[in-house]
Structure formats: structure tokens, C-alpha cells
Amino acid sequence: MLRAFVSHHPVIAHKLTRLRDQDTETDDFRSLVRDLALLLAVEATADLQSRADTVRTPLDECAGTAIAESIALVPILRAGLGMAEGLAGLLPDATVRHLGFYRDEAKLSPVPYYNKLPQGQAEDLCLILDPMLATGGSALAAITAVKAWGPRRIKFLGILGAPEGVAAVHQAHPDVALHLCGIDQHLDARGFIVPGLGDAGDRLFRTT
Ligand code: PRP
């Protein structure tokens with residue numbers, strides 16, 4: 001059974017459709033990735049712990065709340081950067097800790113090349129960001145690295161998943177919640193999500 005939170009919000013569905021379009025140009029593609037990441041994060045952070053806080057309005061003192069958990073955004077390079085930009089406005093106090101993996105195109109396995117996770121105390125909640133969950137190899141490697149670092153809670157936010165990747169992550173890490181805008185049909189022989197949206201990193205950075 002596939003276990004992931006897939007948003008059915010009509011704005012997400014609309015923007016995902018535009019993102020898939022092969023005629024969507026770079027500027028729009030970037031802005032859609034930012035918007036989708038933000039919308040997804042609103043849903044994924046609905047269970048954030050908060051504490052009582054008070055604020056003085058122009059008229060009176062008012063009871064309110066403040067977020068009580070520290071948050072780390074962990075974008076997987078490169079394509080996760082586009083999502084991290086979208087979350088910067090929503091969660092301005094979050095730290096950003098980058099992880100770099102590229103997929104070996106023959107073996108489809110992740111090759112690590114950058115790790116900015118610090119030694120010592122981890123944030124309470126870690127949001128791993130990568131638009132594409134294909135075989136799940138990159139997500140699994142990222143989750144392993146983040147778990148070694150030690151946040152209390154980990155969530156993976158992606159735009160599109162393949163059933164293979166969703167199953168692999170859920171099987172290895174059932175404690176890590178997956179939040180996606182959609183789950184597509186299958187992976188092709190090159191490990192691309194079908195019908196998908198192409199290569200998110202290339203479309204974000206105008207590379208081929
Ligand atoms: C893509 C994508 C994910 C990974 C997904 O990155 O952005 O990181 O592949 O595939 P997986 O689930 O099979 O691991 P890519 O290797 O193309 O690097 P890039 O983001 O630098 O383009």
C-alpha cells in the first residue's frame with residue numbers, strides 16, 4: 001500500500017498541471033515550484049507545536065501563539081533549492097542545511113557530493129525537500145544522513161512521486177511522513193517519472 005499525503009487542493013492540482021507542461025518556460029517553472037512547495041508546506045506543518053504568546057495590538061493586549069519547534073529545511077541539490085526558496089517566506093526562522101546528491105545515470109543510485117548538516121544539536125523538525133521522488137534512492141540517502149544528525153521529526157516534501165519511490169521510502173522509514181502533490185504511474189527505463197514533468201533540476205536551471 002502506498003503511504004503518502006497527496007494534496008488534492010485545487011490550487012495545487014492547477015499549478016502542478018502547469019508545471020508539467022513542456023511549454024512552461026523557466027521563469028514560470030521556478031515560480032510554480034516555489035508556490036507548490038509553499039502550499040505543500042502549509043499542509044505538512046499543520047501539526048507544528050505552538051506555545052502561548054501575548055501581543056500588544058494598537059488597542060489592547062491579545063492572547064496569541066508562537067511556533068514552539070525549531071525547523072530545518074534540507075533541500076537536496078540541485079532541484080530542492082527551488083522548493084527551499086518557496087519556504088523561506090513561510091518559515092523565515094528555519095535554518096537551511098543543504099545535502100548534495102546526483103543520480104548515477106547508469107545505476108540510478110545517488111552519489112553524495114555535499115553535506116552541510118552540522119555536528120551536534122539538530123532542529124526539532126526537519127523538512128527534506130526534493131521535487132522528484134523517483135526510485136527513492138536520493139530520499140533514502142538523505143533520510144539516513146538526517147536521522148544520523150538527530151531531529152525529533154522528519155518529513156519529506158516532494159512535488160511528484162513514483163510508486164516505486166514512495167514504497168521504498170515508506171518501507172525503510174515508516175516514521176517519515178511523505179507529502180506530495182501527486183503520485184504518477186511508473187518509472188521509465190531511464191528512471192524518469194512518467195508522465196512526470198521531465199528533469200526538475202534541468203528545467204529550474206536551464207541545463208540539459
Ligand atoms: C533528481 C531529482 C532527485 C533525484 C530523484 O536529481 O531532483 O534528487 O533525481 O531520483 P531518485 O529518487 O531515483 O533518487 P538529479 O540526480 O537529476 O540531480 P539534479 O537535481 O542536480 O538535477
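Basis of the calculations
Residues numbered from 1 in each chain as written. Predicted model: local features only at pLDDT ≥ 70, side-chain atom pairs only at ≥ 80, totals over all residues. Heavy atoms only, no water. Pairing = 2+ DSSP bridges. Helix = DSSP H or I, 4+ residues; strand = E, 2+ residues; numbered from the N terminus. Axes fitted to C-alpha atoms, helices over the stretch in contact; angles between N-to-C directions. Parallel < 35°, antiparallel > 145°, perpendicular 65-115°, else oblique. Left-handed = near helix turned anticlockwise from the far one by under 90°. Contact = heavy atoms within 4.5 Å. Near = heavy atom within 4 Å. Polar contact = N/O pair within 3.5 Å; in protein donor to acceptor, adjacent residues only side chain to side chain. Areas by Shrake-Rupley, 256 points an atom, 1.4 Å probe, with all protein chains shown as cover. Nonpolar A, V, L, I, M, F, W, Y, C, P; charged D, E, K, R; others polar.

What follows concerns the pairing of strand β7 (residues 110-115). Relative to β7, strand β6 (residues 99-103) is paired through 5 bridges, and the arrangement is antiparallel. When the bridges of β7 are listed, G100 appears paired with Y114. Counted along the chain from β6 to the antiparallel partner β7, the turn is 6 residues long, and its residue L108 has a positive phi close to 60 degrees.

Glancing now at the packing of helix α1 (residues 10-20) against helix α2 (residues 26-44). The interhelical angle for the contact between α1 and α2, taken along N-to-C directions, is 150 degrees, at an axis separation of 10 Å. One way to sum up the angle between α1 and α2 is to call them roughly antiparallel. As α1 runs across α2, the sense of the crossing is left-handed. On α2, the residues touching V11, I12, K15, L16, R18 and L19 of α1 are F29, L32, V33, D35, L36, L39 and L40.

To continue, consider the site of the ligand. For the ligand, the set of nearby residues contains 15 residues, the closest of which are R78, R103, D130, T135 and S138. Between an oxygen atom of the ligand and a side-chain N or O atom of R103, the distance comes to 2.8 Å. D130 has a polar side-chain atom sitting 2.5 Å from an oxygen atom of the ligand. For the ligand, whose unbound accessible area comes to 500 Å², protein coverage reaches 91%. Going through the elements one at a time, β6, β9 (132-133) and α4 (137-149) are the ones with two or more residues in the shell around the ligand. For the shell around the ligand, a count of residues per class yields 6 nonpolar, 5 polar and 4 charged.

Relative to the elements of secondary structure, T26 occurs in helix α2. Side chain to side chain, T26 and R206 meet in a polar contact 2.8 Å long. Once you skip the residues sitting within four places of it in the chain, T26 turns out to touch R203, L204 and R206.

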